[in-house]
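Survey of secondary and tertiary structure
Each chain, letter by letter, is given below.
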Amino acid sequence: HSFRIAEPRLAEHSFAREYRELGKRYRALRLKRGMVQEDVLDYGFSVRHYQQLEAGQPHSLTSLFRVAEMFKANPAALISRCSGRAGKRRVADR
């Protein structure tokens, strides 16, 4: 028998709550502008990729900046409310 040692989860998964909150924010902005998910094609996203963002999947800064550009929003403002818990965690981990 061979045994496999479970690999630790990536650090980004420890921020699942923040990614879900960010996804909710993306959805709210899209709906506020009267857009459907298919409209994101005009901004270079595939519908599937954008669905994953709204579902709260971990994503890159590039995706964050592209979403911010699409909604004409400040990237820092998009994540500002999501980062509170993360900051507290960093202090607690010291």
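If you're wondering where the values come from, they're calculated on a predicted model, not measured in any experiment.

**With respect to the nonpolar core**
Ranked by size, the top nonpolar core spans 15 residues in total, and within it Tyr26, Phe45, Tyr50, Val67, Met70, Phe71 and Leu78 carry the most contacts. At the level of secondary structure, the elements contributing two or more residues to this core comprise helix 1 (16–32), helix 2 (47–54) and helix 3 (61–70). It is helix 3 that provides the largest number of residues to this core, a total of 4 residues. Residues in contact with Tyr50, not counting those within four places in the same chain, are Tyr26, Arg27, Arg30, Gln37, Val40, Phe45, Val67, Met70 and Phe71.

**Observations concerning the confidence of the model for the chain**
For the chain, the average pLDDT comes to 82, and 73% of its residues sit at 70 or higher. pLDDT under 50 marks residues 85–94. Its contacts with residues more than four places away, or in other chains, come to 7 contacts.

**So, the packing of aromatic side chains**
Think of a pair of aromatic rings as described by two things: how far the centres are apart, and how the planes are tilted against each other in angle. One pass over the structure, following the stated rule, counts 1 aromatic pair. For the pair Phe45 and Tyr50, a centre-to-centre distance of 5.9 Å together with 65° between the ring planes defines the contact as edge-to-face. The same class applies to Phe45 as to Tyr50, namely buried. Lying over the aromatic face of Phe45, Arg66 brings its terminal NZ or CZ to 4.1 Å of the ring centre.

**Considering the side chain of His59**
Take His59: it is sitting in the loop between helix 2 and helix 3. The class for His59 is buried, based on a relative accessible area of 13%. For His59, the side chain forms a polar contact with the side chain of Tyr26, separated by 2.9 Å. At 3.0 Å, the side chain of His59 and the backbone oxygen of Gln57 are in polar contact.

**Let's talk about unusual backbone geometry**
We note that Lys72 has phi near 50°; this positive angle belongs to a residue other than glycine. Within the fold, Lys72 resides in the loop between helix 3 and helix 4 (75–80).

**Some words on the packing of helix 2 against helix 3**
At a minimum axis distance of 12 Å, the contact between helix 2 and helix 3 shows a crossing angle of 95°. Relative to helix 3, helix 2 is oriented roughly perpendicular. Here His49, Tyr50 and Leu53 of helix 2 come into contact with helix 3, specifically with Ser63, Val67 and Met70. Taken together, the residues of the contact of helix 2 with helix 3 sort by class into 4 nonpolar, 2 polar and no charged.

**Observations regarding the pattern of salt bridges**
Enumeration over the complete set of coordinates arrives at 2 salt bridges. Between Arg25 and Glu21 there is a salt bridge whose closest N-O contact spans 3.5 Å. Remark: Glu21 and Arg25 occur in helix 1; sequence separation between them is 4 residues, near one turn of the helix. Classification of Arg25 by relative accessible area gives buried; the value is 12%. Assessed through its relative accessible area of 33%, Glu21 is described here as partly exposed. With a closest N to O distance of 2.6 Å, Glu54 and Arg30 form a salt bridge. Of the two residues, Glu54 sits in helix 2 while Arg30 sits in helix 1, which places them 24 residues apart along the sequence. Exposure remark for Arg30: the relative accessible area of 6% places this residue in the buried category.

Calculation criteria
Residues numbered from 1 in each chain as written. Predicted model: local features only at pLDDT ≥ 70, side-chain atom pairs only at ≥ 80, totals over all residues. Heavy atoms only, no water. Core = buried A, V, L, I, M, F, W, Y, C linked by side-chain atoms within 4.5 Å. Buried < 20%, exposed > 50% of the residue type's maximum accessible area, 1.4 Å probe, protein only. Helix = DSSP H or I, 4+ residues; strand = E, 2+ residues; numbered from the N terminus. Contact = heavy atoms within 4.5 Å. pLDDT = per-residue confidence, 0-100. Phe/Tyr/Trp six-rings, centres within 6.5 Å; stacked < 30°, edge-to-face > 60°. Lys NZ or Arg CZ within 6 Å of the ring centre and 35° of its normal. Polar contact = N/O pair within 3.5 Å; in protein donor to acceptor, adjacent residues only side chain to side chain. Axes fitted to C-alpha atoms, helices over the stretch in contact; angles between N-to-C directions. Parallel < 35°, antiparallel > 145°, perpendicular 65-115°, else oblique. Nonpolar A, V, L, I, M, F, W, Y, C, P; charged D, E, K, R; others polar. Salt bridge = Lys/Arg side-chain N within 4 Å of Asp/Glu carboxyl O.

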